[in-house]
Amino acid sequence: MKAQLLSWFNYLRTVEYYRRMKINLLVIGKSHKGFLTEGEAEYTKRLKKYVQFEKIEIPDLKNARKLSKEEIKKEEGKLILAKLNSNGLVVLLDDKGKDYTSMQFSKWLQDSMNRGYKHITFVVGGAYGFSDEVYQKANQKMSLSKMTFSHQMIRLFFTEQVYRAFTILNNEPYHHE
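Since we're looking at a predicted model, the values are computed, not measured.

Chemist: So what's going on with the overall build of the protein chain? Which residues, and what values?
Modeler: Helix and strand counts for the protein chain stand at 6 helices and 5 strands. Scanning the protein chain from its N terminus toward the C terminus, one meets helices and strands in the order α-β-α-β-α-β-α-β-α-β-α. Counting the 177 residues in the protein chain, one finds 44% classified as buried. Sequence-distant contacts, at least 24 apart, represent 86% of the contacts inside the protein chain between residues at least 6 apart. Carbon and sulfur atoms provide 53% of the accessible area of the protein chain, an area that totals close to 10,600 Å².

Here's what the structure looks like:
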């Protein structure tokens, strides 16, 4: 009985430790696909058990059709930079970033928390990627796949991976090796 209480106490302490962490997913534009937003909502709801998680949507640029690709990246970059937490870790979800397995990603999250980060912002860029200024501000680039996915799909995939990482960290039966 004493061992069970100690195990339960350690679990509660770990959950409280995670809940102090804030994870933001910063994205450009809204998703208009119901099945994707439903999936995002489901994993966001599940994440509340572990961590403060918020998706922050930056509105699409007005009159973007009149701008060049570089101008779009620069304008979106200004909007992204304005939303970043100056004290937190900034990770760009970028096809040129480092690849992780789900297990490696969960370890990366744990290591980030152990290093004292209380706030991590993951950023999904617009259709043309990130401006040079956003790349300079970022602490790291992370790739979800070598394949190309729509920005709307990445939101769902990434939110599920964050949920998966926390179930791994808590030894819960969601992820299978």
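Chemist: Help me get a handle on the nonpolar core, residues and values and all.
Modeler: Membership of the largest hydrophobic core comes to 29 residues, with the highest contact counts inside it found for Ile23, Phe105, Trp108, Phe122 and Phe166. Taken together, the elements giving at least two residues each to this core come down to β1 (22-28), α2 (34-47), β3 (89-99), α4 (102-114), β4 (119-124) and α6 (151-169).

Chemist: Tell me what's going on with α6, and back it up with residues and numbers.
Modeler: Here α6 is 19 residues long and its end C-alpha atoms lie 27 Å apart, about the 27 Å a rise of 1.5 Å per residue gives. Backbone geometry just after α6 places asparagine 171 at a positive phi near 55°.

Chemist: Pulling in residues and values, what's your account of the sheet that holds β3?
Modeler: Across the sheet, 5 strands lie side by side as β2-β1-β4-β3-β5; this open sheet has parallel pairing. Of all the strands in the sheet, the pair left with one neighbour each is β2 (52-58) and β5 (140-143). The sheet shows a mean angle of 30° between the axes of neighbouring strands, direction not considered. Pairing of β3 with β4, which is carried by 5 bridges, proceeds in the parallel orientation. Paired with leucine 89 across the bridge in β4 is isoleucine 120. Along the sheet, α6 contacts β1, β2, β3 and β4; its crossing angle with β1, the most-contacted strand, is approximately 170°.

Calculation criteria
Residues numbered from 1 in each chain as written. Predicted model: local features only at pLDDT ≥ 70, side-chain atom pairs only at ≥ 80, totals over all residues. Heavy atoms only, no water. Helix = DSSP H or I, 4+ residues; strand = E, 2+ residues; numbered from the N terminus. Buried < 20%, exposed > 50% of the residue type's maximum accessible area, 1.4 Å probe, protein only. Contact = heavy atoms within 4.5 Å. Areas by Shrake-Rupley, 256 points an atom, 1.4 Å probe, with all protein chains shown as cover. Core = buried A, V, L, I, M, F, W, Y, C linked by side-chain atoms within 4.5 Å. Expected span 1.5 Å × (residues − 1). Pairing = 2+ DSSP bridges. Axes fitted to C-alpha atoms, helices over the stretch in contact; angles between N-to-C directions.

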